[in-house]
Amino acid sequence: MIPAAFDYVAPTTLDEAVRALAEAGEDGKVLAGGQSLLPVLRMRLAAPSKLIDLNKVAELRGVREDGDAIVIGAMTTHYDVLRDSLVAEHAALLAEATGTVADPQIRHRGTFGGSLAHADPAADLPAAATAMDAEMVIAGPGGRRTVPVGEFFVDFFTTALGPDEVLCEIRVPKRTGWHAHYEKFNRVAQAWPIVAVAATVRVDGGSIAEARVGLANMGPTPVRATGVEQALVGQPATAEAIKAAAEHAAEGTNPPADGNADAEFRQHLARVLTSRAVSAAVGA
Amino acid sequence: MTATVEPEVGKARRRKEDARLITGRTRWTDNLALPGLVHMAILRSPMAHARITNIDASAARQMPGVLAVFTGADLADEQGSLPNAWPITEDMKAPTAPSIAVDKVNFAGEAVALVIARSAYEAADALESIDVDYDELPVVLDMAAAVADGADLVHEDLGTNSSATWIFDSGEAGTGGDVEQAISDAEVVVERTYRQQRLIPAFMEPRAVVVDPTGEQFTMWSATQIPHILRVMLAMTLSVPEHKVRVIAPDVGGGFGGKLQVTPEEVLTFLAARRLGKPVKYNETRSESLLSAHHGRDQIQKMTLSAKRDGTVTGLKVELLADMGAYLRLVTSGIPILGAFMFNAIYKFPAYRFVCTNVFTNKTPTDAYRGAGRPEATFAVERMMDELAVELGMDPMEVREKNWIKHEEFPFTTVAGLTYDSGNYEAATAKAKELFGYDALRAEQRERREKGDPVQLGIGISTFTEMCGLAPSRVLGSLSYGAGGWEHAAIRMLPTGKVEVVTGSSPHGQGHETAWSQIVADQLGVPFEDVEVLHGDTQSSHKGMDTYGSRSLTVGAMAVVQAADKVKAKAAKVAAHMLEASEDDVEFASGAFRVKGTGAEAKSVSIQDIALAVFAAHDLPDGVEPNLDSEATFDPENFSFPHGTHLCATEVDTETGRVEIRSYVCVDDIGKVINPLIVEGQVHGGLAQGIAQALFEEAVYDESGTLTTGTLADYLVPSAADLPTFVTDRTESPSTTNVLGVKGVGEAGTIASTPAVVNAVIDAVRHLGVSDIEMPCTPMRVWQAIRTGRPDAGGLGSEAGGGLGSIDTSGGTQ
């Protein structure tokens, strides 16, 4: 498990990192926590000629408040996201999903931005970010731009990031007081989900006023389950009503088939797990 | 110097080994750094079955740091054929088994080229520039198809994919009746076919080997279970004089049978070192380990059980297909045969027939994996007892009670011809039922069924036995095994009274150093701390049969006890002389000799005093050699037969197919216990591996013969997070065939637990029309079984997913 040879730079500022990436061109690759990239390199499934390591870029770490959003630096580790009080208060769904990522060792190394930029549709955080309406702040040679989560994920392992761009922070709209639950269905604790459902809802007067549901491993990108969101709004926050609405959870999905699940089973799971996620979120 | 008064045996001592292992102080094989060490990497075939038409290594030879590239053609004349030590029948077909393929590959993962370079990095880089041209051949994967007429052949020169058919028939053997008669006379016949999926031993330390050819002897360090057997086999395979080979197994990080092997990698490292005249290291990657180290299980089991309406069993017929993979490794051919004696289990079947056909396929060879033949047998018979209970409308425990050997019937000679020396199935079962709350769980199960709870409860039983302590040499001889089953030990009394114990057992995680020290402390009356256990080096421990088959305690420790007896016998002569008494008048207790009947206050000489006196040798009785050191070789008179009752309660989510183990109780009877803490560890680890077969693990090949579970992200080894809290307890029926009264515990948990879990899963959903679910009982399989009754959904996915998230890892083997 030895990767092919590569050059390595470790810039200390974002500007340097962007420059280094531009210089490296197509063969450059950004190294964040390395929890996805290093296995790929070691198995020689990829062989970039230069790694730009962001671990020394201090400005990319941490969580801050910015008006009606919280802003999470792309290099913030899962562990730091998990114990952050702003995340806990305003983005409970993210904390829930982050707590299920792999194991404690990986959560201390892996980063929020790294997981999103890797864009594995089976991963936890892309689905959670989708349900949270996150916005990706991207830095490139021409400056910064912001991309809504729905446009960020393009395909399997493919995002809106250009080859010379770095995901630098994630703006997450505050969902203070919303209920949230991340329902993950996997075979062993450290495995990727077969299907997972990230659900967060606002309850007003015993009824669901707003709902956001993101699905993991139900297609080539994380899926926003808009059908079930619409079906939930206006419904009483009861198990029966939620279960009925959750029947819409798999609408429009085109899930993959593998040894763990065929498409039919995944769609079935999406419905069952959505019902459970929303019920758990509201305590129904 | 006072000796320990409280016996060491029975103490839950923490292991001597653990400090160096936990703090990383030990040196594993891969930690060795010899002067001038060079590194080997192996290019492996991505094809399951193909002719090699060309290998172009010219570019690799020019790469930086590369010292040599060898192909099969380069080594064909000196590599010999990897040994198979178990010709189970006179006409068994065994293909030539090269360590590196010469002109044809027969499984994906077989070695096709070696690079030796100054660094492991340079060796890995050079592998990529070797071009191999393959001419693909039809791939043989399915056992039933492989033995059908006109099947494509794995080895064309053998003319068949069937290696051998081995039969045991109680009618012919005179150990029981004719099973066909029993079946035709039966009031009830139950027929089922079970699939033992292919498993991967998945030891923690990958295989590693270093060979130093620069001394007078070749020295091989290897992460192996069997340094002694390896030495003999290297000598026989490579025509190297045995006395010119030294094998060292340093601390070894697990084996589970997976390192009971003479591996291609060991031979190739040896050949490379001999060619280059330099020390060479090979350390496999995890992916190589999963792909090419031998696999386990993989059988199709056709079971026919006959019984009376009252539940009394009358006959058992077992027809197996056993997947050998592409070659016969060291004991590949004999693994299913080890199960032949265990299908009848604890039950008094009056007639029994076992027929096993060993089949070649284009897959990684199979061989020993924890339990080796016995888990397969136990699974099938314990599933069948549940099926019989359902057929008769009886409680599954009642069916078992009706048929098992009663405690007063021991010793009992079974229909398979083994004599079980001791056991008490009633006592273990009673204890297990009480700890489990059997009746209350049955009541809850009824309640959940009645109200249609989406989460159903199931109860699974496994009342198992196994045969351990491999093995009486005469029995191995009768089974055509290529070696004996004895074990050797030696005890050296040092002048200062400290003790060195040399053992031919070769621990790789079991804690022999602790257990042997406890035994010797009691035997010689010396402090536990004063005992050092030497093992795993054919130079210090020159004679041995190594560690597998739960044999170390029942065979290896018995050799230690016998060596201690000889030390005491020698010491008695000196003691009598020192006490000015006749030898007949002295007795040994608590580490000292006294004149008989003189009491604890009388003059005594300790074993340490005697050791010093013998070292000085100034005043020894006439004719007494100045040496207390002794050795012994123990050959057991019988196997040992641990048993136990395992009870599992599962909650099956009928909406998702997820299985959760709610409680797991096991009461094992392993005879006397040396160290309860070590036993607890063995049971926990064993349960984890048995449960893993039931619920999680499977080596999956796609239709081209590519292993799709080639990483630990795809091959799902459960962790503590996936397993329940185990409730363990013991009953104690001492073995009557060794003086320690021990039976062995290394494999019990693995053997017993798989059927307990699967029986519990089926029991939870049987009322929904499910009578079987193939292992592992994945959520999709369980869900599909509930919906459609199909037992085998999923499992053969060649598409991406699961592993590295959505990354398809099966394309690359490195």
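The numbers attached to residues start from 1 for each chain and follow its sequence in the written order. In the order they appear in the text, chains get letters beginning with A and ligands get numbers beginning with 1. With pLDDT at 70 or above as the cut-off, local features in this predicted model cover only qualifying residues; side-chain atom pairs require 80 or more to be listed or tallied, and sums for whole chains, interfaces and linings still use all residues.

## Concerning the environment of B:Gly254
For step 1, the next point in the chain: Helix and strand labels come from DSSP, where a helix needs a run of H or I of at least four residues and a strand needs a run of E of at least two; each type is numbered from the N terminus. Its location among the elements puts B:Gly254 in the loop between β11 (245-248) and α9 (264-276).
For step 2, the next point in the chain: Taking the C-alpha atoms as reference points, B:Gly254 and B:Ala202, 52 residues apart in sequence, are found 8.7 Å from one another.

## Considering the domain arrangement of chain A
Residues and elements named next belong to chain A.
For step 1, the next point in the chain: Reported domain spans reflect what an automatic or database domain assignment gives. Partitioning chain A into domains gives domain 1 (7-53), domain 2 (60-173) and domain 3 (179-282).
For step 2, the next point in the chain: Domain 2 and domain 3 are separated by 20 Å when their C-alpha centres are compared.
For step 3, the next point in the chain: What counts as a contact here is a pair of residues whose C-beta atoms, placed from the backbone, lie within 7 Å. On the domain 3 side, the residues contacting the 23 residues of domain 2 number 22 residues.
For step 4, the next point in the chain: Mapped onto the side of domain 2 that touches domain 3, the elements with two or more residues apiece are α5 (92-98), α8 (124-131) and β8 (153-155).
For step 5, the next point in the chain: Examining the composition of the side of domain 2 that touches domain 3, we find that 6 residues originate from one element, α8, more than from any other.
For step 6, the next point in the chain: Taken together, the residues of the side of domain 2 that touches domain 3 break down into 15 nonpolar, 3 polar and 5 charged. We call Asp, Glu, Lys and Arg charged. Ala, Val, Leu, Ile, Met, Phe, Trp, Tyr, Cys and Pro are nonpolar, and the rest, Gly among them, are polar.

## Some thoughts on the nonpolar core
For step 1, the next point in the chain: With 344 residues, the main nonpolar core has A:Leu93, A:Ala128, B:Leu114, B:Val115, B:Val520 and B:Val761 as its most contacted residues.
For step 2, the next point in the chain: In terms of residue count, the dominant contributor to this core is helix α18 (residues 552-578) of chain B (13 residues).
For step 3, the next point in the chain: Filtering out sequence-adjacent residues up to four positions away, A:Leu93 remains in contact with A:Ala128, A:Ala131, A:Met132, A:Ala180, A:Tyr182, A:Ala198 and A:Thr200. Here a nonpolar core is just a set of buried residues of the types Ala, Val, Leu, Ile, Met, Phe, Trp, Tyr and Cys, joined wherever their C-beta atoms sit within 7 Å. Labels follow a simple rule on C-beta atoms placed from the backbone: if 20 or more others lie within 10 Å of a residue's own, it is buried; if 12 or fewer, it is exposed; otherwise it is partly exposed.

## Here we look at the packing of helix α11 (residues 239-246) of chain A against helix α12 (residues 263-282) of chain A
Residue and element names in this part refer to chain A.
For step 1, the next point in the chain: The geometry of α11 relative to α12 is characterised by a closest axis approach of 8 Å and an angle of 145 degrees between their N-to-C directions. With respect to the hand of their crossing, α11 and α12 are arranged in right-handed fashion. Listed contacts from α12 to Ala 239, Ile 242, Lys 243 and Ala 246 of α11 are Arg 271, Thr 274, Ser 275, Val 278 and Ser 279.
For step 2, the next point in the chain: Residues that form the contact of α11 with α12 fall into these classes: 4 nonpolar, 3 polar and 2 charged. Angular values range over 0 to 180 degrees, each being the angle between N-to-C directions of two axes fitted as lines to C-alpha atoms, with helices fitted over their stretch in contact. Whether a crossing is left-handed or right-handed is set by the direction in which the near helix is turned from the far one by less than a right angle, anticlockwise for left-handed and clockwise for right-handed.

## Quick notes on the sheet that holds strand β15 (residues 352-360) of chain B
All names here are of chain B.
For step 1, the next point in the chain: Any two strands with at least two DSSP bridges between them are considered paired. Taken together, 5 strands build an open sheet; the order of strands is β7-β15-β14-β13-β8 and the sheet is mixed. Of all the strands in the sheet, the pair left with one neighbour each is β7 (162-169) and β8 (188-199). Strand after strand, the sheet turns through a mean of 10 degrees between neighbouring axes, direction not considered.
For step 2, the next point in the chain: Here 9 bridges tie strand β14 (residues 313-325) to β15, and the two strands are oriented parallel to one another. Its bridge partner lying in β15, Glu 319 is registered against Val 355.
For step 3, the next point in the chain: Taken strand by strand, helix α12 (residues 374-392) contacts β8 and β13 (296-307), and its axis lies near 145 degrees from that of β8.

## Overview of the sheet that holds strand β10 (residues 166-173) of chain A
In a beta sheet, neighbouring strands pair by backbone hydrogen bonds and run either parallel or antiparallel.
All names here are of chain A.
For step 1, the next point in the chain: Strand order in the open sheet formed by 5 strands is β4-β5-β10-β6-β7, and the pairing between neighbours is antiparallel. The sheet is open, and its two edges are formed by β4 (63-66) and β7 (143-148), each paired on a single side. If you compare each strand with its neighbour and ignore which way they point, the axes differ by 25 degrees on average.
For step 2, the next point in the chain: With 5 bridges joining them, strand β6 (residues 135-140) and β10 adopt antiparallel strand pairing. The residue bridging Val 137 from the neighbouring strand is Glu 169, located in β10.
For step 3, the next point in the chain: Across the face of the sheet, helix α1 (residues 14-24) comes into contact with β6 and β10 while running at roughly 130 degrees to β10.

## A word on the environment of A:Leu161
Residues and elements named next belong to chain A.
For step 1, the next point in the chain: Inspection of the secondary structure assignment puts Leu 161 in the loop between β9 (158-159) and β10.
For step 2, the next point in the chain: Here Leu 161 falls in the partly exposed class, since 19 other C-beta atoms lie within 10 Å of it.
For step 3, the next point in the chain: Distance in space between the C-alpha atoms of Leu 161 and Ala 127 is 18 Å, their sequence separation being 34 residues.
For step 4, the next point in the chain: Excluding its chain neighbours within four sequence positions, the residues that come into contact with Leu 161 are Ala 117, Ile 138 and Leu 167.

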